[in-house]
Every structure is written in C-alpha cells, then in structure tokens.
Amino acid sequence: MFEKYDIIVVGAGHAGCEAAHAAAQMGSKVLLITMNMNTIAQMSCNPAMGGVAKGQIVREIDALGGMSGIITDKSMIQFRMLNKSKGPAMWSPRTQNDRMRFAEEWRLALEANPNVDFWQEMVTGILTEGQKVIGVTTGMGIEFRADAVILTNGTFLNGIIHIGEKQFGGGRTGERAAKGITEQLVSLGFESGRMKTGTPPRVDGRSLDYSKMEEQAGDTQPGKFSYSEQTTSLAKQKSCYITYTNPDVHFILETGFDQSPMFNGRIQGIGPRYCPSIEDKINRFAERTRHQIFVEPEGWNTVEIYVNGFSTSLPEDVQMAAMRKIAGFENAKMFRPGYAIEYDYFPPTQLSQTLETKLIDNLYFAGQINGTTGYEEAACQGLMAGINAHRKTKQLSDFVLDRSEAYIGVLIDDLINKGTEEPYRMFTSRAEYRILLRQDNADIRLTPKGHEIGLASNQRLEATQQKAENTAKLINDLKQKKASPSEANPTLESLDTAGIKEKSTYAKLLKRPQVHIYDLSSFGKDTADYLAKYEPEVLEQADILLKYEDYIDKEQKLADKIKTLEDYMIQIDFNFDSIPALSSEAKEKFNKIRPKTLGQASRISGVSPADISVLMVYMGR
C-alpha cells in the first residue's frame, strides 16, 4: 500500500525537522511521522533561540547546511549578542522569536522539499529483522518500511504532566503521550530512564504594567544567525522586559509546597540543574530575596507572554496568587498555568558517535530521547542523525565532528562517552577548545565539510572561501601598515591606553584590549577608506584573529596534539578483559561503550590516564 522509504523520522520537533531536512536535501526519500501536523516545529517552551553556547550551535547547524539559523532569522522579533563585555569565545547570539511564524516557516521549508512526505499518526513501535530496523508500526496498525529510522520523540514517551496534585498523560499541554515505543525498546535490551522538565505560565500581555519593569531592547545594530543571503537583519525589534520576585511571592509559593509534585515524591524524574523551577529556586537559595523574571512576547502580533524564570508545577491557584505579587503583574490574567512533565529517555552511552544505536543497526536517536534539553541541542543531534542515516543507507563513511571542530562534536562526545543522569545542556565551559569554537567562525570551520557531504550549497562554499581569503589579506595588510605617533596617539589616548613613541604596525596596536579594528578608521582618511572596503564580518574576524593570535595558536597546537590519539583505532572485537593491568572500572566502561579510538577511550568518565597508558602498551603504541 505504501512505498518503502530510505529514512523514516519519528517526531517533528527541532530534532525531527533537522533530520528530515538534512537527509532529504542530500537525496534520501524521507517520511516524517508526527502525531499532529499542526504542531510541527512547535516551540514547546520559551519563544527564543540561541544563548550562551546554544547560539554557537545554531551557527554551526547553519554552517553545515541545516535550517535552524534560517528559520530563526525569518521569525525573529529581537536579536541580542550576549556576553559582548567578555572575550569573543563567550559571545553568543540569541533571538526572541514569533512562535507561530517559527513553526510555519519550518513547515513551509519541509513542504518545499519534494523528498519529504508526511504522515499524521502515533508510532507505537519499530519493525526489526534480526538486529536491524526495517520500519515502524503505528497505532492504526499500519506498517511503513525504510532502510533507517530516526526516533526524535521529545517529551512524549510515556509523558505525564503534573500541575499540583493533578496529573495526566501528555507529551505537551493539550497533546497525548506516545505509548509502546519504550516498552518495545526495553524488551530489545535497551536501558531507559525518566527525566523531568517544566514550563512557566503564559499570561495576557494586555494585563501587565510594563512601567514597573525594566525594558530589555535588542541590539542597536542587530545581527542574524545564518551566514547565507537568504535572510536579513531586523529593521525593527520588539522589546522584552525584566522584573523580579520578592518575599511576598516566595511566601505564597511556599504555601503550596505540600501540594507540589516536586517535593511530595510524585515526580521521580530528574530535572534540569541549570533551568530550575521557581519552587526549586526559593527552596535551594532560601537566602535570596528575589529572582529575575524575563517577560518575553510570543510574537509580533499576539498578546501572549512567556514568563521566563517562573517555571512551576504548583497548583494553578497558587501560581496565580504568587504571580500577582510580582511588580507589573498585579492584574495579570493567565492563559494557561505552568506545569512539569516527566518522560522516558534512553541513556546515550547506548549510541555510537553517529547517534546510531549499538543494539539495532540503522536505528538512530536524536534530541530529548538522549537525555538532552533545549531546542538547539536537539536540532544539532537531528542534523547529525539525518546526515549519518543518509550516508549509511548509501554505503558512505560516517560523518563525525570532534571536540576541536564544533560544539556539536563536544555535545555528542559528552553524551556517548559520559552519558547523563540529568537533562544535558550545553555551556561554553564544556568545550576545552572554546577559543577555536567561536560563533564568528563556524562557517570557516564547517561549511567546507557541509559542502563535501552535499548539504551546504556551492554558493555557501564560495562565500566562505571569499570571507577567509579577504580576512587573510586584511590581516597581512594590517601587519604591514604602520601608524605614526601623530596619527595614532589621539585615538589611543581617547581609549585610555598609552600612546606610542615610534611607528607601530596596526596589527601590534590591535593586540591591545582597548583597541578594536573600527578605531583604526580615525587614524586618517586613507585608513578609513581602506577598512570600508571590507564586510563587517571580515573586519570582526581579523580583529579577533590578531588580538587573540597567541591564544588561538596555543589552543590549536594542543588540539592537534590530543587529536593524535584519535588516529589510534581500537579493533571492534578487542578483548579488554584480557588486560589484567586495567582497572575494573575501565574494563566495565570499555565493554559498555566500546570506544573506537584511544582518544574516545581517554574521555570516558572513570577511565584514568594510567588505564590509557596500559591500553596503549597492549596496542603496541
């Protein structure tokens, strides 16, 4: 009845959309199955993309040829570059988005791809032959066949929603949970667990008093995520606002603690450490008299407001009473209460570096099913699963990014080697090579790789090569051009840095933290005219590369040195138990994770340098 597909993607959230787009764009025939066609790419939590380290991930997805950056740009209502007061390794783009337009843009993008088909129904299990997946089965008993299957089930696997003492099945408010998949996978030998996340109330923006809040406007010169010419920066932006809780708010919230599923044991799953509920905050940080609340509009035209920082699963009457004690919320009208949701996940140590499961061939997991949290983390996993599922079904080599190449590589490496017992969230601190993995150079790092596998277009590659060439030429010129004391000193003194006594190259002056490339324009008309020939991205790139040249070189040499361990392959049937000098923990971890290289083995939690030395000896190194 139904044709056989190359790849079936189950779930149409951020991971599923990227997986379907990537595989289809590369030439696979894809079936995207979702329980509700009207919630494709739904922003289930806050209407925002990017942020610290997450913004770098969106840039990396875009550089490889994924869609999250383009979709984000087309639907953004505000753009901010976070951490500009810190070094460029910390700069992180973030947008507020129009929730409805974001979902619409994703659906239109997928529908525009002739290689993507859709089916609306619940998937209840996978079909296997031996140790290989061959398709899926649905709640109506329909079987769809495919060479590979990607599961991106989000929070829907046996999802339970908690509001106070009420609990009911669901994957999101107003949507039912997915049943059957967990039980089948466990019967096949997979290990599963439970996690928890939450969301705050949504309120009517017309009922808020913004005069009592701090306005948080977007950047005066807003940027964008995508390196492509398909999108443009915002000409106008919508502001967010900041307000705070207070002791009255905390007192009312505490009256509901005895009814809180967080504290009375009804929630067994572990919640995200870095995005706690408001009741968690006032319980863990009892000494603090206030907590920040971000008031975020849900779109250009809607009045709905997302109350970021007020995630809760307390009874709705307690939520409302406490919220109305917040400055500006005295007359707030609630659209829907906050809630917590518990769901199944599968510890990601059961996956290979391609996100293919070790137990079942051609079966891939991406997103919250792997224990992560966040749109961006899910999207990059979907992208990598889609790429690798396509390549495996076409008998092509694995596509893997290492830790020195991308935050995506850091995330996947962390997951498969260390696992996670709480929702994993990306931070810049997780990357040991973050000076290399900046948001400004994701295209130079990754677009050639995306083009090589057939995902990034020729136009993308040409633009990236031109940017790299222009940057190299500019840097070379800045190392040659010199400024005299009379040209440079007025500017240097205005920047609170010492003047020069003899001619100095522009590159040497840019090593000073107070001096940036745009400051050189005041050295004279010739210099200003010369710099005006270059795109802002090239100027920024040259400024960073010159200013942090020594740090970048040092980090690159360290990455290259450690990368040599990745060249030492471990045979797939290597007998770790035959090495008596290995620690018992190392043997247990090696047998469970089956590392492919010495580099991967060295990053497994609980494995010591001594264990790696022993392993190297037995491998003849």
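Please read these numbers as outputs of a predicted model, since none were measured by experiment.

Colleague: Hey, could you go over the packing of helix α2 (residues 54–64) against helix α3 (residues 68–75) for me, with residue numbers and the actual values?
Modeller: Where α2 contacts α3, the axes come no closer than 7 Å and their chain directions differ by 115°. Judged on the interaxial angle alone, α3 and α2 are roughly perpendicular. Residues Val 58, Ile 61 and Asp 62 of α2 lie in contact with α3, whose contacting residues are Ser 68, Gly 69 and Ile 70. The residue makeup of the contact of α2 with α3, split by class, is 3 nonpolar, 2 polar and 1 charged.

Colleague: Now, about the sheet that holds strand β19 (residues 339–345): what can you tell me, with residues and values included?
Modeller: Spatially, the 4 strands line up as an open sheet ordered β11-β10-β19-β12, and their pairing is antiparallel. Two strands in the sheet have a free side with no partner beyond their single neighbour: β11 (166–169) and β12 (193–199). For this sheet the average axis-to-axis angle between neighbouring strands, irrespective of direction, equals 25°. Direction of pairing for strand β10 (residues 160–163) relative to β19: antiparallel, over a ladder of 3 bridges. Bridge pairing in β19 links Ile 161 to Ile 341.

Colleague: Pulling in residues and values, what's your account of the sheet that holds strand β13 (residues 202–204)?
Modeller: The 6 strands lie next to each other as β14-β15-β16-β17-β13-β18, forming an open sheet whose pairing is antiparallel. Either end of the sheet is taken by a strand with one partner, and the two such strands are β14 (214–216) and β18 (334–336). On average, adjacent strands in this sheet sit at an angle of 35° to one another, irrespective of strand direction. In the sheet, strand β15 (residues 240–244) pairs with strand β16 (residues 292–297) via 4 bridges, with the strands oriented antiparallel. Across the sheet, the residue bridging to Thr 243 is Ile 293, located in β16. Along the sheet, helix α8 (residues 316–323) makes contact with β13, β17 (304–308) and β18, crossing β18 at roughly 145°.

Colleague: Can you explain the packing of helix α11 (residues 442–452) against helix α12 (residues 458–480)? Please cite residues and give values.
Modeller: One can describe the packing of α11 onto α12 by two numbers: an axis separation of 9 Å at closest approach and a directional angle of 150°. Seen from above, α11 lies across α12 with left-handed handedness. Contacts between α11 and α12 pair Asp 443, Ile 444, Thr 447, Pro 448 and His 451 from the former with Asn 458, Arg 460, Leu 461, Thr 464, Lys 467 and Ala 468 from the latter. Residue composition of the contact of α11 with α12, grouped by class: 4 nonpolar, 4 polar and 3 charged.

Procedures and definitions
- Residues numbered from 1 in each chain as written.
- Predicted model: local features only at pLDDT ≥ 70, side-chain atom pairs only at ≥ 80, totals over all residues.
- Heavy atoms only, no water.
- Axes fitted to C-alpha atoms, helices over the stretch in contact; angles between N-to-C directions.
- Helix = DSSP H or I, 4+ residues; strand = E, 2+ residues; numbered from the N terminus.
- Parallel < 35°, antiparallel > 145°, perpendicular 65-115°, else oblique.
- Contact = heavy atoms within 4.5 Å.
- Nonpolar A, V, L, I, M, F, W, Y, C, P; charged D, E, K, R; others polar.
- Pairing = 2+ DSSP bridges.
- Left-handed = near helix turned anticlockwise from the far one by under 90°.

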